[in-house]
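Structural features, examined
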Amino acid sequence: MRILFLGDIFGKPGREAIKSFLPNFKKENQVDLCIANCENLSDGKGISEKSINEMLFAGIDIFSSGNHLWDKKESTAFICKEKRIAKPLNYPKASLGFEFVKVEMNGVLVILVTLCGQVFMSPVDSPFYALDHFLKTLHLKGGNSKSLQKITIVDFHAESTAEKRTFGMYFDGRISAMLGTHTHVQTVDEQIMEKGTAYITDVGMCGPHSSVIGITFESSFEKIRTNMPIRHETAKDGLQINAVLIDIDEKSGKALKIKRIKENIL
């Protein structure tokens, strides 16, 4: 199975970049499933029903998220009903949304999970314990399923490179891919780990790269200079797609190949 995972889509510029890039890329590369991180989809912070539907129409199938998922209060009712968005698994049970996404393709069940890191992030439960428990639960339920779970994609939404690397090595061989997000800066360390898990520390960002991780220099600098509550403004220029394309063996769930994508949108 070939899976395309798109880094954080940042605001309207990111959505426009996706619409320009995705249809032809999916067709030319025979993509079976397209996943994207959506937490910055609407004006760089949070989501809206309109922006999600726009991306579904563009060709994205399911979404991972992160700590900004709930930033737009008007979208909470939508998050509660949209099963194609995976909220962070290690957030409190009372947080709104679905703990994972599952889709069946050609008799294979694909599971998408989002987890948030603990280093330099808002307080959350241990992502290690949360995923350990989740995978055990999946294994126990698997015997009663007509379509056994074979492929598990994890978006680890975190700041610390060391935490991401430790997480990837800990779960190597137990998940199909561990794809880092959140920093909006693509790392050049994609690999298939020793036991068959595809890994990259951070996939990067889909959106305006002539910016400070999606935000205009002016608003970012003013915030740093004054430490006052400045509204961040979404940048517009330097549109770029950051993503990874992963080939996974459907029988074993092991990753066979990971290709990093960094493409400018003119």
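Below: a short report on this structure.

Glancing now at the overall build of the protein chain. The helix and strand inventory of the protein chain stands at 6 helices and 13 strands. For the protein chain, the C-alpha radius of gyration of 17 Å lies close to 18 Å, the compact-globule estimate for 266 residues. A principal-axis box enclosing the C-alpha atoms of the protein chain has dimensions of 55 × 40 × 35 Å. Sorting the 266 residues of the protein chain into buried and exposed places 57% on the buried side.

What follows deals with helix 2 (residues 49–58). Looking at helix 2, one finds that the buried residues are Ser51, Ile52, Glu54, Met55, Leu56 and Ala58. Contact partners of the buried residues in helix 2: strand 2 (8–9), helix 1 (11–29), strand 4 (62–64) and helix 3 (76–81). In the stretch just after helix 2, glycine 59 is the one whose phi turns positive, near 125 degrees.

Here the structure, examined in full by the defined rule, presents 11 salt bridges. The salt bridge involving lysine 164 is made with aspartate 202; its shortest N-O contact spans 2.8 Å. Of the two residues, lysine 164 sits in helix 5 (residues 161–170) while aspartate 202 sits in the loop between strand 10 (198–200) and strand 11 (205–208), which places them 38 residues apart along the sequence. An identical accessibility class is assigned to lysine 164 and aspartate 202; each is buried. In this structure, arginine 260 and glutamate 190 form a salt bridge, with 3.0 Å as the shortest nitrogen-oxygen distance.

About the cut-offs
- Residues numbered from 1 in each chain as written.
- Predicted model: local features only at pLDDT ≥ 70, side-chain atom pairs only at ≥ 80, totals over all residues.
- Heavy atoms only, no water.
- Helix = DSSP H or I, 4+ residues; strand = E, 2+ residues; numbered from the N terminus.
- Rg over C-alpha atoms; globule rule 2.2 N^0.38 Å.
- Buried < 20%, exposed > 50% of the residue type's maximum accessible area, 1.4 Å probe, protein only.
- Contact = heavy atoms within 4.5 Å.
- Salt bridge = Lys/Arg side-chain N within 4 Å of Asp/Glu carboxyl O.

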